[in-house]
Number of protein chains: 2
Amino acid sequence: MALLADLPRNEDGIATALAVLTQAYGPRVETGQSLREQHGHTTTWLRNQPPDAVIFPQSTEEVQDIVRICATHRVPIIPFGTGTSLEGHVNAPAGGISLDFSQMDAILAVHAEDMDVVIQPGVTRKALNTHLRDTGLFFPIDPGADASLGGMAATRASGTCAVRYGTMKDNVLALKAVLPSGEVVNTAARARKTSAGYDLTRLMVGSEGTLGLITELTLKLQGIPEATSAATCSFPTVEDACNAVIACFQYGVPVARIELLNALQVRACNSYSKLTLPETPLLLLEFHGSDTGVTEQAEAFGELAADHGGTGFTFTTREEDRTRLWQARHDAYWAALQLRPGAQGISTDVCVPLSRLADCVAQTEAKLAELDLKAPIVGHVGDGNFHTLLLVDMENPSEIARAEGYVGWLADLAISMDGTCTGEHGIGQGKAKYLERELGAGAMAMMAAIKRGIDPDNIFNPGKMNL
Amino acid sequence: MALLADLPRNEDGIATALAVLTQAYGPRVETGQSLREQHGHTTTWLRNQPPDAVIFPQSTEEVQDIVRICATHRVPIIPFGTGTSLEGHVNAPAGGISLDFSQMDAILAVHAEDMDVVIQPGVTRKALNTHLRDTGLFFPIDPGADASLGGMAATRASGTCAVRYGTMKDNVLALKAVLPSGEVVNTAARARKTSAGYDLTRLMVGSEGTLGLITELTLKLQGIPEATSAATCSFPTVEDACNAVIACFQYGVPVARIELLNALQVRACNSYSKLTLPETPLLLLEFHGSDTGVTEQAEAFGELAADHGGTGFTFTTREEDRTRLWQARHDAYWAALQLRPGAQGISTDVCVPLSRLADCVAQTEAKLAELDLKAPIVGHVGDGNFHTLLLVDMENPSEIARAEGYVGWLADLAISMDGTCTGEHGIGQGKAKYLERELGAGAMAMMAAIKRGIDPDNIFNPGKMNL
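Owing to the predicted nature of the structure, the values given are computational and were not obtained by experimental measurement.

Parameters and conventions
Residues numbered from 1 in each chain as written. Chains lettered and ligands numbered in written order. Predicted model: local features only at pLDDT ≥ 70, side-chain atom pairs only at ≥ 80, totals over all residues. Heavy atoms only, no water. Helix = DSSP H or I, 4+ residues; strand = E, 2+ residues; numbered from the N terminus. Rg over C-alpha atoms; globule rule 2.2 N^0.38 Å. Buried < 20%, exposed > 50% of the residue type's maximum accessible area, 1.4 Å probe, protein only. Contact = heavy atoms within 4.5 Å. Areas by Shrake-Rupley, 256 points an atom, 1.4 Å probe, with all protein chains shown as cover. Lys, Arg positive; Asp, Glu negative; His and termini not counted. Charge placed at Lys NZ, Arg CZ, Asp CG, Glu CD. Least-squares fit on C-alpha atoms with pLDDT ≥ 70 in both. 1 Å grid on protein atoms, 1.4 Å probe; cavity = no way out; pocket = protein on both sides within 12 Å on 5 of 7 lines; lining within 4 Å. Points joined across faces, edges and corners; volume = space filled by probe spheres on them. Nonpolar A, V, L, I, M, F, W, Y, C, P; charged D, E, K, R; others polar. Buried area = accessible area lost by both parts, 1.4 Å probe. Salt bridge = Lys/Arg side-chain N within 4 Å of Asp/Glu carboxyl O. Polar contact = N/O pair within 3.5 Å; in protein donor to acceptor, adjacent residues only side chain to side chain. UniProt positions renumbered as here; feature names shortened; annotations may be inferred. Axes fitted to C-alpha atoms, helices over the stretch in contact; angles between N-to-C directions. Parallel < 35°, antiparallel > 145°, perpendicular 65-115°, else oblique. Left-handed = near helix turned anticlockwise from the far one by under 90°.

Draft legend 1. Representation of the overall build of chain A within the structure. Each helix and strand counted, chain A has 17 helices and 18 strands in total. Compactness check: chain A gives a C-alpha radius of gyration of 23 Å against a globular reference of 23 Å for 467 residues, within 12% of the reference. The dimensions of chain A, computed from C-alpha atoms along their principal axes, are 65 × 55 × 40 Å. Taken across its 467 residues, chain A has 62% of its residues classed as buried. Residue pairs in contact within chain A that sit at least 24 positions apart in sequence constitute 72% of those at least 6 positions apart. Carbon together with sulfur atoms contributes 49% to the accessible area of chain A, which is approximately 16,100 Å² in total. Within chain A, the 55 negative side-chain charges are centred at a point lying 2 Å from the centre of the 36 positive side-chain charges.

Quick look at the structure:
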C-alpha cells in the first residue's frame, strides 16, 4: 500500500480550474463527497483517493474545452467509465477532475456490411449488444463486468472469449482521443487494415488514460454464429487439463472459450450451485460455428481430452443444456465468495506461456497452502491467464500482509516464466511495482519518453503505470 | 518525385563515424558503390538514394554499439532486411549507414507447445517455414516477396492470408529493439496476452525503422490445417463479387484467403497461363479446417455466390487441383507485366471499408480508362484492400505524370471513403504526402511527439513518414 501515498496537489490550480469549469458547466460539475468517493477506487483493497470534482461532458468539443482549462492550470484529469477496474485506475492521488463519460453513450453508426460500429466511450458492452440484437452481429469481448467500452479500450480488457476473438487491442479498429494539448487525434481510418503511420490505435488501447481521453471508438463486430456447442470435462490434475488444451490448439480445434476451474473452485461451485461435479480440475468449453462444425469440434476435443485422462466428457448444442453445463462457471465468482462469507475478494490475473501454465498453477496452489490463504482458481486457460480470488479478512493485518506478499510472489513467478503480472486487469496503481521487473529499464524509459512527449506536464491520470 | 530531394548531410559526422565503424568492424563495413545502391531503393519508380556504407551486425550488442557510434556523430541509420519494400523505406536521403540484418538470421527457439518462435530479424518467411516443416506449425503471413521477418514487422506487412490470420501486428507477440539511445527494449513477455503498460510491440510494428532497430522477434505460429479447400467463381461485376464476399462474412464462413481479379487481370492470366476463364471479375478462395469443414465452407460459399450472380463455381480439396484452380492468382503478377512488356510495374495498395470496395474499384477502372493507363487489379478483397499494377513506360514523361496523378487521386478517393492510402505497403517516402490528408494534423502531431521523445536527433531512418 506504500505506493498509494498521495501525490503533491496543485491546490491553487485545482481551485481556479474548478471555478472556471463550474461557471462553464454548472450542474454538470459535481463535488459531493459520496459521488467523488464513488469516482475514486472502490473495488478490492486499494485505498480510495477521490477526485476534487466530477464532470460529465457530452461531446468531444466539451472534452477539449475541459482539457484546455485543466491544462492551463495544470490540474489532473482522470477518465471514468463505470469504475469497475481493479487496479486503482480511477483514483486521484494528486486530486483533480474525474471526467465521467456516462453522458457520452450514443451509438453513432452501425455499419452492418462492414461489420463495425462507431460509438461514444460511455456505451457499455451489454448496451451495445442489446442495440445490435436484430443485426445478426455482436461484440465479443466479455470481461465479466458490464464495463464501458471506453474503459475496456483504455485498460486493454479481454475475458473468456479472447482465445477466439482476441482482446480489445484486436477489436478496436480506430478511435478518437483528446490529447493533453486539447488537440483531437483520429488514430486510423475505418479500413480493416492499414500500414499508414504509427499504430496510434494500439498505443491508446491499454494506455489507461495517461496519453489521451477516448471520445469515440470504431469497433469490429462478429457475426452471431449459426450454432454454439458447450462441453465440460474433468481431469485428474491441472497438468492433464493443460495438456489437453495444448493438444486442442495444435490439432487446430477452434475453441471460442476454454475455462479452467481448479479443485477448490469446483468444490465451491458444487456447494453454491448444488452440483455434483467431481472435485478435481474441470475444463468448460464453448465452440462457435456451423451446426455440423460445433458438434465435430466438441467431439474432437472429447477425444483429445480422453487421451489426457479426461473423464465425464459431456457436450451439447441445445441452449438450455449449455447454460446448465456452464453453470459452475457462471456462478464461480459468487460461489467462491461463499467459501468465506464476509471476506474481501482480491483477484490476481497473471498470464504465462501455455507450456508453463500447469507448473504455475501447481506452484500457486502450493504457495497458497503454505501461506494458509484461501483462493480458488479460475483460468482463461487458452490464453495461459488465470485468476486466484484471494478471500481476505480485511480485519486481519497479518493475513493482509500475507496476501500482499503472495500477490508479489505470484507476479514474480509469472515473470520468471516469461509471463506477465497482468493478462487483463492492467497496471494502474496496484501493479505499478511489477511493471519494470517484467519489462526492464529500457521499456520503462521508452514509455516515459512517449508519456513526456505527449503529456509533458503529466496531467492525464498521474500516478499510474509508474509514469 | 519532389519529395525525393536529398536532405542535408552531416559530412563530418558521417566521415568520423565511418572511420570508427571501419576500425571496429573491418570487412563487415562495405562502401562499394553497387552494394550501396542495392541498399537504397531499387523497386518501382522512386529514385535510388544509396547510404554511405553498409554494415552487417551479428548481435544485439553489436547493433547497440553501432547505434552509439552513429548517435555520437549524429549519423543516420537505415535498417535493411531484403530490400523488397515498395515505398522507399530503405533510401538514405541524408546519407548514413545501412544496417543490413542478413547475418542475424538465427532461429533462436521454437516453442511448439506455445505455438511461438523466437527469431533474429534477418530470417525470411520462407526460411522460417522451411525450418518449421516437421513441427506441424507454420507462420501464416505471406506478402508475396520472401521478405525478412524484421522488415515485415517494421512495415506491418500482410498479404493474402490476412483475412484469416491478421497482419504482422496480430502475429508479433513481442520484440527486442535497440533505441537511438543505444538502450535495448523488450516490448513484452511471451504470454499470449498482456495488459502490462503501453503496447510497445504494436508501436514498433509498422514504425518503419524510425523508432528502433528490431533485433529479435517472438512470432505466433499456427497449426497446419488438417485440410484445405480451394474455390473459384466468376461474377458479372465487381459489385456482385463484393456482395458475395460481404454475405460470406455475415454468414460467418471462415475464409482463409479471398482474392479478386478484375476483368483485365483475368484476360492477362488467360493469355499468360493459357486459361479459358470468363473475362469477368473472378474470386479465388481458400478454406482451412477439418476435412468436413473445408468442404462445408466451400459449398456454403458456392450457395452465397449463386445468390449474387456467381457462375462457374468450382471447388476442390485435392492439392494438385487446388494449385490448378489458383493458377491465375499465382501467375497474376507476371501475367500483368506481360500485358505490356518492358513497362515498369507500379503497385498501389489502398484499402477501404468493404461496403465501399465495389464503388472504389469501379471508379478506379473508370479513371484508368480516362487517363489511358493500363493497370490490372488484384485485391485482397476480404480486407477491402486492392492493388492496381500500373504498367508505365518510364521513357514517357507525360505518362509518368499521369500515373503519378492517378496514384494521388486514388489515395484521395480511398481517404474520402474512410479508407487508407496504404493497406500493406507502408508510408516510407512514396506515400508521405498522403499521411496527413488521411489522419489529420492531430495524429501527425502525436506521431511527431513520439518520434521526438524517442529519437530527438532524428537519426533513425530520417525523411520517412513525414517525421
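Draft legend 2. View of the relation of the copies chain A and chain B. Expressed as a screw transformation, the operator carrying chain A onto chain B has a rotation angle of 180° and an axial translation of 0.0 Å, and the superposed copies differ by an RMSD of 0.0 Å. The transformation just described matches what one would write down for a two-fold rotation axis. Most of the interface of chain A is mirrored in chain B, where 100% of its interface residues are also at the interface.

Draft legend 3. Looking closely at empty space enclosed by the protein. Under the criterion given, the structure shown has two cavities of 30 Å³ or more. Put simply, the largest cavity is a space of about 40 Å³. Taken together, T348, D349, V350, V407, L410, A411, C421 and K431 of chain B make up the lining of the largest cavity. There is about 30 Å³ of room inside the second largest cavity. What lines the second largest cavity is P353 and L354 of chain A together with D114, D116, R190, A191 and R192 of chain B. Looking at the lining of the second largest cavity residue by residue, the classes come out as three nonpolar, no polar and four charged.

Draft legend 4. The interface of chain A and chain B, seen in detail. Across the boundary between the two partners, chain A contributes 82 residues, which contact 82 residues of chain B. Across the chain A to chain B interface the summed buried area is about 6,400 Å²; carbon plus sulfur atoms make up 58%. Summed over the three residues of chain A that lose the most area to chain B, namely K193, Y198 and M446 of chain A, the buried surface amounts to 15% of that side. Along the contact surface separating chain A from chain B lie six salt bridges. The residue K193 of chain A makes a salt bridge to E424 of chain B at a minimum N-O spacing of 2.8 Å. For the pair chain A and chain B, the number of links is 35 residue pairs in polar contact (both at pLDDT 80 or more). Those elements that provide at least two residues to the side of chain A that touches chain B are α7 (168-171), β9 (184-186), α8 (200-204), α9 (238-250), α11 (291-307), α15 (354-370) and α17 (432-454) of chain A. Top element by residues in the side of chain A that touches chain B is α17 of chain A. It accounts for 14 residues.

Draft legend 5. Structural context of the UniProt feature "domain: FAD-binding PCMH-type" (unreviewed entry) in chain A. Under the UniProt annotation, the feature "domain: FAD-binding PCMH-type" (unreviewed entry) is placed at residues 47-224 of chain A. Secondary structure over residues 47-224 of chain A splits into 22% helix and 24% strand, and the C-alpha atoms at its two ends are 41 Å apart.

Draft legend 6. Molecular detail of the packing of α17 of chain A against helix α17 (residues 432-454) of chain B. Axis separation between α17 of chain A and α17 of chain B bottoms out at 8 Å; the angle between their running directions is 130°. Considering the angle they form, α17 of chain A stands oblique to α17 of chain B. Crossing of α17 of chain A over α17 of chain B shows right-handed handedness. The segment α17 of chain A lies against α17 of chain B, with M446, A449, I450, G453 and I454 of chain A engaging M446, A449, I450, G453 and I454 of chain B. Its residues assigned to classes, the contact of α17 of chain A with α17 of chain B shows eight nonpolar, two polar and no charged.

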